[in-house]
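Chain and residue survey
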Amino acid sequence: MFSPDNIDFAESKKNILSIRLTPNGFYFSIHCPTDGTVFYQNSVSFSPIEDYLECIEKLIFDYPFFSDNYKKIYVICVDDATTIVPNDYYDKRWAAEFLSFNCLNRKSHIISNELQEHDCRVIWSIDKSIHSFLSRALLNPNFVSHLSFLVPLFYKLHNKNKDALFVNFNDNKMLDIVAFSADKLTLAKTFHTSNLLEESYYIQKTWESLQLNVQLDKLFFSGNTSNHSECIDNLKRVVSNTDIISWNVPEGAKINNEEIPTEILKQLCEL
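The text that follows walks through the structure, step by step, so that each part is easy to find. (Residues numbered from 1 in each chain as written. Predicted model: local features only at pLDDT ≥ 70, side-chain atom pairs only at ≥ 80, totals over all residues. Heavy atoms only, no water.)

A few words now on helix H3 (residues 128-137). Ile130, His131, Phe133, Leu134 and Ala137 are the residues of H3 that are buried. Within H3, the buried residues cover an arc of 165 degrees as seen down the axis, which keeps them to one side. Among the exposed residues of H3, those pointing more than 90 degrees away from its buried face are Lys128 and Arg136. Check the buried side of H3 and you find it contacts strand S1 (16-22), helix H1 (52-62), strand S4 (72-77), strand S6 (109-115), strand S7 (120-126) and strand S8 (142-145). (Buried < 20%, exposed > 50% of the residue type's maximum accessible area, 1.4 Å probe, protein only. Helix = DSSP H or I, 4+ residues; strand = E, 2+ residues; numbered from the N terminus. Arc of directions from axis to C-beta. Contact = heavy atoms within 4.5 Å.)

Following this line, the structure appears as structure tokens:
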């Protein structure tokens, strides 16, 4: 099923492997940070009746290129059970309590990623068995929450003199919302949504709760926007300043932006 024919695995040390764990699937991409023409991605969905860890183990064992020595390996976990804590209040000993206070269903292994520009940390969790297996099967993987990719990306695109809300249409019926007030991060949260009404509700309710101005402040969209055009059109009737983010992908890269998760686009656009 996975056949990255355009990747020279003799040159793996030049490439970056990104594995993206979603609630019901597994995505991976391989790219070279110095050559935009080198890119491959693939994904598989797991059945709800399948054991998640066993599915991952089978993929890793069946395809030996996962065990190669890469320039860098990211394991990106996409989940709504995250919380953000300012560094002034963060203490590793209390990370599990911070997460439990804000999220009902935390997993067994707690991880935090620093958001350096915002002097805070994203706290999240992963099943200890999955973390243990991937730590053994991959060479020095970096475990990161998807929000720790999205927040710096949107902050880079953000006009620091304005207030703005960034909406990322994730897969697996998830919606990421990141907000800034001038140069300050005010919100970074992932919601589960099952229909257009819920999408619109979460975005509009967040806009209202943050007291953003429908005439002055901006609303940005990213992700698979084509599949959510009705939601976007509805919001355009309410908010004056809206925009769908366009990406400057590397020259020569033959990719469809909307087929690539936003966290992976961030890496490609840094080339």
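Don't stop here, the text continues.
The next point concerns the packing of aromatic side chains. By the definition in use, this model includes 16 aromatic pairs. Look at Phe65 and Phe66: their rings are 4.6 Å apart centre to centre, the planes differ by 35 degrees, and that puts the pair in the tilted class. Judged on exposure class, the residue Phe65 and its partner Phe66 are both buried. Judged by centre distance (5.9 Å) and plane angle (80 degrees), the ring pair of Phe166 and Phe180 falls under edge-to-face. With Phe166 in strand S9 (residues 163-169) and Phe180 in strand S10 (residues 174-181), this pair connects stretches of sequence that are 14 residues apart. Each member of the pair, Phe166 as well as Phe180, is classed as buried. Members of the aromatic cluster, joined through ring pairs, are Phe26, Phe28, Tyr40, Tyr63, Phe65 and Phe66. It is Arg121 that lies over the ring of Tyr90; its NZ or CZ is 5.1 Å from the centre. In this structure, Lys160 is placed above the aromatic ring of Tyr155, and the distance from its NZ or CZ to the ring centre is 4.5 Å. (Phe/Tyr/Trp six-rings, centres within 6.5 Å; stacked < 30°, edge-to-face > 60°. Lys NZ or Arg CZ within 6 Å of the ring centre and 35° of its normal.)

Further remarks concern the pairing of strand S12 (residues 218-223). Counting buried positions over the six residues of S12 gives five, a clear majority of the element. Bridging between S9 and S12 involves six bridges; their strand directions are parallel. Directly across from Val167, in S12, lies its bridge partner Phe221. Note that S12 and strand S13 (residues 241-244) share four bridges and pair parallel. Bridging from a neighbouring strand, Phe220 pairs with Asp243 of S13. (Pairing = 2+ DSSP bridges.)

Axis separation between helix H5 (residues 196-209) and helix H6 (residues 229-236) bottoms out at 9 Å; the angle between their running directions is 40 degrees. One element, H5, and the other, H6, form an angle in the oblique class. In this structure, the crossing between H5 and H6 has a hand that is right-handed. Taking contact as the criterion, the partners of Leu196, Glu199, Ser200, Ile203 and Gln204 in H5 are, on H6, Glu230, Cys231, Asn234 and Leu235. (Axes fitted to C-alpha atoms, helices over the stretch in contact; angles between N-to-C directions. Parallel < 35°, antiparallel > 145°, perpendicular 65-115°, else oblique. Left-handed = near helix turned anticlockwise from the far one by under 90°.)

Here we come to the sheet that holds S7. Spatially, three strands are ordered S5-S7-S6 in an open sheet, and the strand pairing comes out antiparallel. Of all the strands in the sheet, the pair left with one neighbour each is strand S5 (83-86) and S6. Sheet twist, expressed as the mean angle between neighbouring strand axes with direction ignored, is 30 degrees. When S5 meets S7, the two strands line up antiparallel, connected through four bridges. Bridge pairing in S7 places Ile84 opposite Val122. Contacts from helix H2 (residues 95-102) reach S5, S6 and S7 within the one sheet, and its direction differs from that of S7 by about 80 degrees.

So, to be careful, I would describe these as geometric facts and stop short of saying anything about function.
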